[in-house]
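Reading the structure
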Amino acid sequence: MMRIGLFILTNLAVMFIFGIVLSILGVDASSTSGLLIMAAIFGFGGAIISLLLSKTMALRAVGGQVIKQPQNAQEQWVIDIVRRQSELVNLQMPDVAIYKAPDMNAFATGARRNHSLVAVSTALLETMNRDEAEAVIAHEISHIANGDMVTMTLLQGVLNTFVIFISRILATFVAQAMSERNRGMSTMVYYIIVMVFEFVFGILASLIAMWFSRRREFYADAGAAKIVGAHKMIAALERLKVSYEPKEDASIMAFCINGAKKVKVSELFMSHPPLDKRIEALRHGTYLSKTENGQLVK
């Protein structure tokens, strides 16, 4: 019950902030165009802020530290691999971090291609051999080279805008119909209707986001195959089958090498394709013809 109350209060607070910002900008939220502008501001605003803070937030989420000066041979090896692969795809050297985790995983994030981060778990470095770990790093480098973080942010912004805009349009129609029957309706009921629509459309939006995320995993695998060879990438994916279930925060899971293994409801809600499908795509070269030097050919 407390969580429901907090959820309602949060939405009311957001609407209050909406009103202040729109007043400052001189936007009439009662009009369709004003509502669309409001939805776009907050739909893209949250996604862009998350992207700009992604490196700091990701490191804090996993407890990782950027390697400033390698302290051992393992750290030096990771640095050297990231530098070599970055040069192959014409990227500026990303920051490199190692974090403690029981699952074999790695992720990439950052607001720009040339201001990014590659983080690798200790379990991956301790369990995988050098060829497999090199392939995983190449997968993350491909995410960066393909600009997946920025593209995902733009998609999320569009989806957020859609959810906010359509939810309030439909809630207005419902509120008007209920007002005619009941001779008036409280503002609280209107916000509850908005939240119901946001929940429903949010699920639909997440399906689109997860579809895009799964597709980008195939391209990142193909990019890694271009950099280090398909056999190494396949070996790395085979090794991931015996890994623990990933524990990384949901906010960075989309660009991890390893996703959830168990299908809780449907594959449609998974950020990563099943490992067997990724391996099959590499063996058949399904996405290889669409990449060049680890980057997607536009």
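Residues numbered from 1 in each chain as written. Predicted model: local features only at pLDDT ≥ 70, side-chain atom pairs only at ≥ 80, totals over all residues. Heavy atoms only, no water.

1. Let's talk about the confidence of the model for the protein
Test applied: Think of pLDDT as the predictor's per-residue confidence, scored from 0 to 100. When checking whether two residues touch, look at their non-hydrogen atoms; a contact exists if any pair is within 4.5 Å.
Looking at the protein, pLDDT values average 79 and 75% of them are 70 or higher. Across residues 1-12 the pLDDT falls below 50, and counting only partners more than four positions away or on other chains, this stretch makes seven contacts in the model. Confidence drops under pLDDT 50 across residues 292-298; counting only partners more than four residues distant or on other chains, this segment forms 23 contacts.

2. What to know about the environment of K226
Our working rule: Going along the chain from the N terminus, every DSSP run of H or I of four or more residues is numbered as a helix, and every run of E of two or more is numbered as a strand.
Assignment of secondary structure puts K226 in helix α8 (residues 187-228). Placed 62 residues apart in sequence, K226 and L288 show a C-alpha to C-alpha distance of 7.5 Å.

3. Considerations on the packing of aromatic side chains
Definition in use: Only rings of Phe, Tyr and Trp enter the pairing, Trp through its six-membered ring, and a pair is recorded when the two centres are within 6.5 Å. The plane angle decides the type: under 30 degrees is stacked, over 60 is edge-to-face, the rest tilted. Relative accessible area decides the class of each residue, using a 1.4 Å probe on protein chains only: under 20% of the type maximum gives buried, over 50% gives exposed, and in between gives partly exposed.
Taken as a whole and assessed by the stated rule, the structure comprises three aromatic pairs. Between Y99 and F107 the ring centres are 5.7 Å apart and the planes differ by 45°, which places this aromatic pair in the tilted class. The same class applies to Y99 as to F107, namely buried. Consider the rings of F162 and F201, whose centres lie 5.7 Å apart with planes at 90°: the pair is edge-to-face. With F162 in helix α7 (residues 148-182) and F201 in helix α8, the pair connects residues that are 39 residues apart, well separated along the chain. A residue is classified by how much of its surface remains accessible, and F162, at 39% relative accessible area, is partly exposed. We classify F201 as buried; its relative accessible area is 14%. Pairwise contacts between aromatic rings join F162, F197 and F201 into one cluster.

4. Regarding unusual backbone geometry
Within the chain, N90 stands out as a residue other than glycine whose phi angle is a positive 60°. With respect to the secondary-structure elements, N90 resides in the loop between α4 (73-88) and β2 (95-99). With relative accessibility at 64%, the residue N90 sits in the exposed group.

5. Description of a nonpolar patch on the surface
Note the cut-off: Each patch is built from residues lacking any salt bridge and having more than 30% relative accessible area; the joining distance is 9 Å for like charges and 5 Å for nonpolar side chains (Val, Leu, Ile, Met, Phe, Trp, Tyr). What sets the accessible areas is the Shrake-Rupley method with a 1.4 Å probe; for residues, cover comes only from the shown protein chains. The salt bridge definition used is simple: a Lys or Arg side-chain nitrogen within 4 Å of an Asp or Glu carboxyl oxygen.
A cluster of nonpolar side chains, contributed by M188, I192, V196, F199, V200, I203, L204, L268 and F269, occupies part of the molecular surface with about 790 Å² of accessible area. Tracing the backbone shows L268 in the loop between α10 (250-253) and α11 (275-284).

6. A closer look at empty space enclosed by the protein
Stated precisely, the cut-off is as follows: Two kinds of site are reported from a 1 Å grid over the protein atoms alone, namely cavities, where a 1.4 Å probe fits but cannot get out, and pockets, open sets with protein on both sides within 12 Å along at least five of seven lines, and residues are called lining when an atom falls within 4 Å of a point. Grid points are joined across faces, edges and corners, and a volume is the space filled by probe spheres set on the points.
Under the counting rule described, the total for this entry stands at one cavity of 30 Å³ or more. Within this model, the largest cavity holds a volume of roughly 40 Å³. Every residue along the wall of the largest cavity is listed here: G110, R112, R113, I144, G147, D148, M149 and V150. Elements supplying a minimum of two residues to the lining of the largest cavity: β3 (106-112) and α7. A per-element tally of the lining of the largest cavity places α7 first, with three residues.

7. Describing the sheet that holds strand β1 (residues 65-66)
In any sheet, the strands associate via hydrogen bonds between backbone groups, in a parallel or an antiparallel arrangement. Inclusion rule: Pairing between two strands is assigned when DSSP locates at least 2 bridges connecting them. All axes are obtained by fitting lines to C-alpha atoms, using only the stretch in contact for helices, and the reported angles, taken between N-to-C directions, cover 0 to 180 degrees.
Read from one edge of the open sheet, four strands run β1-β2-β4-β3, paired in mixed fashion. Each of the sheet's edge strands pairs with one partner strand only, and the pair in question is β1 and β3. For β3 and strand β4 (residues 115-121), the ladder comprises six bridges, and the chain directions are antiparallel. Looking across to β4, one finds that T109 is bridged to L117. In this fold helix α3 (residues 54-62) packs onto β1, β2, β3 and β4, with an angle of close to 155° to the strand it touches most, β3.

8. Comments concerning the packing of α4 against helix α6 (residues 130-145)
For clarity, the threshold we go by: Orientation is classified from the angle alone, with under 35 degrees giving roughly parallel, over 145 giving roughly antiparallel, 65 to 115 giving roughly perpendicular, and any other angle giving oblique. Helix crossings fall into two classes, left-handed where the near helix is turned counterclockwise from the far one by less than a right angle and right-handed where it is turned clockwise. For this classification, Asp, Glu, Lys and Arg are treated as charged, while Ala, Val, Leu, Ile, Met, Phe, Trp, Tyr, Cys and Pro are nonpolar and the rest, including Gly, are polar.
At a minimum axis distance of 10 Å, the contact between α4 and α6 shows a crossing angle of 50°. Here α4 lies oblique to α6, going by the angle between them. Two packed elements cross with a definite hand, and for α4 against α6 that hand is right-handed. Residue-level inspection shows W77, V78, I81, V82, R84, Q85 and S86 of α4 in contact with α6, the latter providing R130, A133, E134, I137, A138 and I141. A breakdown of the residues in the contact of α4 with α6 according to their chemical character gives eight nonpolar, two polar and three charged.

9. Some points on the packing of α6 against helix α9 (residues 230-240)
Two elements in contact, α6 and α9, have axes whose closest approach is 8 Å; the angle formed by their N-to-C orientations is 100°. Put simply, α6 runs roughly perpendicular to α9. The residues of α9 that touch α6, namely those facing D131, E132, E134, A135, V136 and H139, are K232, M233, A235, A236 and R239. By residue class, the composition of the contact of α6 with α9 is five nonpolar, one polar and five charged.

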